[in-house]
Amino acid sequence: GLSPEMTALVDMGLGVGKFLPALAAGPAAPIVAGMQSAGAASYDAGKRGGSVEQMLQAGAVSGAVDAALSALPARELYKLAGSTPKSITGFARGVLKQAGLSATEAGVSSYMRTLADLYVMGEDSRYEQYRRGLTAKGMSGEEATREANMEFFLREPVMEMVQGAGGGALTAGGMLTL
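These notes cover the structure that comes with them. (Residues numbered from 1 in each chain as written. Predicted model: local features only at pLDDT ≥ 70, side-chain atom pairs only at ≥ 80, totals over all residues. Heavy atoms only, no water.)

**A look at the environment of Gly 34**
Now for step 1: Counting through the fold element by element, Gly 34 comes out in helix H2 (residues 29-47).
Now for step 2: When the C-alpha positions of Gly 34 and Ala 24 are compared, they lie 14 Å apart, and in sequence the two are 10 residues distant. (Helix = DSSP H or I, 4+ residues; strand = E, 2+ residues; numbered from the N terminus.)

Below, the structure is given as structure tokens:
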């Protein structure tokens, strides 16, 4: 397998690649991004044994969250695309602002997806499957819960924020140089 660093770079590239077609939708980009997220969440819930109802719930929640959260970064990105920075400082400021917005959106989205998955899928949620896997490997219930909390509420959101910041910076940099 790939190293964690390479996995993060590949994921960042895939994230940018996934969002670029949505940008073509103009002001409807957040809706397109939400629909992409809804489809992925529904498929994921089904792969883990979810019922049709759970698949629909997972898709609806994930799609709504991602559509709502991507609206501000998308709006700001379109503002950048319509502007020409007057200096390298202006260029850097625009790129950094977009990176911050994208990082925030990615972090909040990560928390919301985990909480929604726990609510919709219950014992079949990714969190519970991970926790059970740790206890099967010999961890106590308390240790497994602590490790699952670290994974889903710290490591995963931070990695997604880093990827979001990188993707936001790359996209903004590309929009400003076109």
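On we go.
**What about the packing of helix H3 (residues 52-81) against helix H4 (residues 88-121)?**
Now for step 1: The contact between H3 and H4 brings their axes to 10 Å, and the two run at 170°. Between H3 and H4, the angle falls in the class roughly antiparallel.
Now for step 2: Each residue belonging to the contact of H3 with H4 can be placed in one class, and the counts come to 14 nonpolar, eight polar and five charged. (Axes fitted to C-alpha atoms, helices over the stretch in contact; angles between N-to-C directions. Parallel < 35°, antiparallel > 145°, perpendicular 65-115°, else oblique. Nonpolar A, V, L, I, M, F, W, Y, C, P; charged D, E, K, R; others polar.)

**Notes on the packing of aromatic side chains**
Now for step 1: Under the criterion given, the structure shown has four aromatic pairs.
Now for step 2: For the pair Tyr 127 and Phe 153, a centre-to-centre distance of 6.1 Å together with 50° between the ring planes defines the contact as tilted. Remark: Phe 153 occurs in helix H6 (residues 141-177) and Tyr 127 occurs in helix H5 (residues 126-136); sequence separation between them is 26 residues.
Now for step 3: Overall, Phe 153 belongs to the partly exposed group, its relative accessible area being 24%.
Now for step 4: By way of ring pairs, the aromatic residues Tyr 111, Tyr 127, Tyr 130, Phe 152 and Phe 153 are connected into one cluster. (Phe/Tyr/Trp six-rings, centres within 6.5 Å; stacked < 30°, edge-to-face > 60°. Buried < 20%, exposed > 50% of the residue type's maximum accessible area, 1.4 Å probe, protein only.)

**Observations regarding H3**
Residues lying three or four places apart along an α-helix face the same way, a consequence of the helix completing one turn every 3.6 residues.
Now for step 1: Taking 1.5 Å of rise per residue, the 30 residues of H3 would be expected to cover 44 Å, and the 41 Å separating its terminal C-alpha atoms lies within 8% of that figure.
Now for step 2: Of all the bends found along H3, the most pronounced is centred on Ala 71 and spans about 35°, while Pro 73, a proline, follows it within four residues. (Expected span 1.5 Å × (residues − 1). Bend = angle between axes of the 7 residues up to and from the residue.)

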